[in-house]
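Chain by chain, the residues run as shown.
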Amino acid sequence: MPRVAREKSRSGIYHVMLRGANRQELFHDEEDCLRFLSIVEKYKMKAEVDIYAWCLMGNHVHLLVKEGNETLSITMKRVGVSFVSYYNDKYQTTGHLFQDRFRSICIDSFLGLLNVVRYIHQNPVKAGMVDRVNDWRWSSCPGYYGKQPFPKKLYDTDYILKLFSDDSSLAKARFIEFNEQDAKGNFLDEQEIYRRRFTDEEARIEIKKILSTIEIAQVKSLPRLQRDELLREIKNIRGLSQRQAARILGLSASLIFKVQGDGSHASK
């Protein structure tokens, strides 16, 4: 079937989400995060895109963008192709990294714009990664709070802050108050939280103990017999759910379930 054409935003502003194929992890270390951000910054400047908010999670990315001098699809394709090339070269792997094409929602009101900024910044808190929005390094939130951990040209805070006040100090204070309010709603339906005993970071450490010199990103490309033998051991990690293992390894949950372990302690 032909793809459905994307809905066009009257304002040119979109909430974009990129997700790893089979919910696999996109960023395995700090270098991966920094490379993705440098790629976004590069094509932001080339396409004259405005980025009002962003957040990198383990297996997905949020961007709140205003289309520039080319269509959003072209800009996002440039970002995706560039990062996949880097990823495959670094981890010596092949295959799809991103799940289908990116997803987007049109933002055509000031209230909708502010709600999405808040939603993106609160994503790590709702996922249990941090307690406060400004504790998550890999988002635009610290920049709004005056920390500037990344180049200013990576995102555009002035437009959002001026919606609160022309006075910069007052605008910042009002923004922080709004940004930290409890927000109900579930944009893009991407919040699928599992109860798990391990955090993803703890799970990664345990998985790497089994993999030894093999990179997590390489598991999906291993010969079937070698891959399945490793999966049997991973499934027996106490406190690791099979869905969590699938997401971290970049494999389908059904494949993990089919591999027979010996007295598996993992939960579905």
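This text follows the structure it describes.
Below or above, wherever it landed, is the structure these notes cover. (Residues numbered from 1 in each chain as written. Predicted model: local features only at pLDDT ≥ 70, side-chain atom pairs only at ≥ 80, totals over all residues. Heavy atoms only, no water.)

## Brief notes about the overall build of the protein
Each helix and strand counted, the protein has 10 helices and 4 strands in total. Along the chain direction, N to C, the helices and strands of the protein fall in the order β-α-β-β-α-β-α-α-α-α-α-α-α-α. In the protein, buried positions account for 49% of the 268 residues. Restricting to contacts in the protein with at least 6 residues of sequence separation, those with at least 24 account for 73%. Accessible surface, the protein as shown: approximately 13,800 Å² in total, 49% of it carbon and sulfur. (Helix = DSSP H or I, 4+ residues; strand = E, 2+ residues; numbered from the N terminus. Buried < 20%, exposed > 50% of the residue type's maximum accessible area, 1.4 Å probe, protein only. Contact = heavy atoms within 4.5 Å. Areas by Shrake-Rupley, 256 points an atom, 1.4 Å probe, with all protein chains shown as cover.)

## Some remarks on a nonpolar patch on the surface
Together, Phe 110, Tyr 159 and Leu 163 make up a nonpolar patch on the protein surface, roughly 290 Å² of accessible area in all. Among the structural elements, Tyr 159 can be located in helix H5 (residues 158-161). (Patch = residues over 30% accessible without salt bridge, like charges linked within 9 Å, V, L, I, M, F, W, Y side chains within 5 Å. Salt bridge = Lys/Arg side-chain N within 4 Å of Asp/Glu carboxyl O.)

## Section: the side chain of Asn 134
Take Asn 134: it is sitting in the loop between helix H3 (110-126) and helix H4 (141-144). Not counting the four nearest positions on each side in its chain, Asn 134 is found in contact with Cys 141, Pro 142, Tyr 145, Lys 147 and Glu 180.

## Focus on the pattern of salt bridges
Under the defined criterion, the tally for this structure stands at 15 salt bridges. Of the charged contacts in the structure, one is a salt bridge between Lys 90 and Glu 31, with a shortest N-O distance of 2.8 Å. One end of the pair, Lys 90, is in helix H2 (residues 72-91); the other, Glu 31, is in helix H1 (residues 30-47), and 59 residues separate them in sequence. Residue class for Lys 90 comes out partly exposed when judged on its relative accessible area of 27%. You can call Glu 31 partly exposed: its relative accessible area is 43%.

## Points about the nonpolar core
Judged by nonpolar contacts, the single largest core of 60 residues is most densely connected at Phe 36, Trp 54, Leu 56, Leu 64, Phe 83 and Ile 160. When neighbours within four sequence positions are excluded, Trp 54 is seen to be in contact with Leu 37, His 62, Leu 63, Ile 120, Arg 137, Trp 138, Ser 139, Ser 140, Phe 150, Leu 154 and Tyr 155. Ranked by size, the runner-up nonpolar core spans 19 residues in total, among them Ile 207, Leu 240, Ile 248 and Leu 249. (Core = buried A, V, L, I, M, F, W, Y, C linked by side-chain atoms within 4.5 Å.)

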